[in-house]
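# Working through the structure, step by step
Letter by letter, the chains look like this.
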Amino acid sequence: MDAIDDLYKTFVNIDKGNEKKWSKEFFISLVKLESTICIFAKPKKRGCLIARLLKDEIEIIALLVDISHRRTGLATNLLEELKKIAKQKQVLKIILEVSTLNKSAIALYKNIGFIELATRKNYYIIKNKRVDAKIMCLNLSE
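Basis of the calculations
Residues numbered from 1 in each chain as written. Predicted model: local features only at pLDDT ≥ 70, side-chain atom pairs only at ≥ 80, totals over all residues. Heavy atoms only, no water. Helix = DSSP H or I, 4+ residues; strand = E, 2+ residues; numbered from the N terminus. Buried < 20%, exposed > 50% of the residue type's maximum accessible area, 1.4 Å probe, protein only. Contact = heavy atoms within 4.5 Å. Areas by Shrake-Rupley, 256 points an atom, 1.4 Å probe, with all protein chains shown as cover. Pairing = 2+ DSSP bridges.

### Concerning the overall build of the protein
Scanning the protein from terminus to terminus reveals four helices and six strands. What you see in the protein, going N to C, is helices and strands ordered as α-α-β-β-β-α-β-α-β-β. Relative to its full complement of 142 residues, the protein shows a buried share of 44%. Once local pairs closer than 6 in sequence are excluded, the contacts in the protein between residues at least 24 apart make up 54%. Of the accessible surface of the protein, which amounts to about 9,000 Å², a share of 50% is contributed by carbon and sulfur atoms.

If you want it as structure tokens, here you go:
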């Protein structure tokens, strides 16, 4: 249990300043699931990627990089590590949802090869306003 507590502390430190907070109980229940993939940036854990393995796809649930370490390649490295895991598990695609306001994340995902599939209207509530989400996909079968 200490290892999961340490993961949660790291997650909370990375997530500082973000509006979306996960309770410790939710985080622990998520991490304990056999289908959950949790990757922390090395060596100092300044970023993390949390995803879940579905049948033939992986869904990214959260990709966070400490604000002082953004634009340093950490997010790209985490995504590349997830791609390696996906190929090992013979997964055909990686999917995610991202706020339409998060232009830098959308650009990052497009740079990695994700394409936009659809828009979910009013999916997020950010600062008491409804915001659309883009559904994006990285096809690994090619």
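### Notes on the pairing of strand 4 (residues 93-99)
Residues in a regular strand project their side chains so that they alternate between the two faces of the sheet. Where burial is concerned, most of strand 4 is hidden: five out of the seven residues are buried. Relative to strand 4, strand 3 (residues 57-65) runs parallel, the two sharing three bridges. Within the sheet, the bridge partner assigned to E57 lies in strand 4 and is K93. Note that strand 4 and strand 6 (residues 129-139) share seven bridges and pair antiparallel. Bridging from a neighbouring strand, S99 pairs with A133 of strand 6.

Structural measurements only, silent on function.
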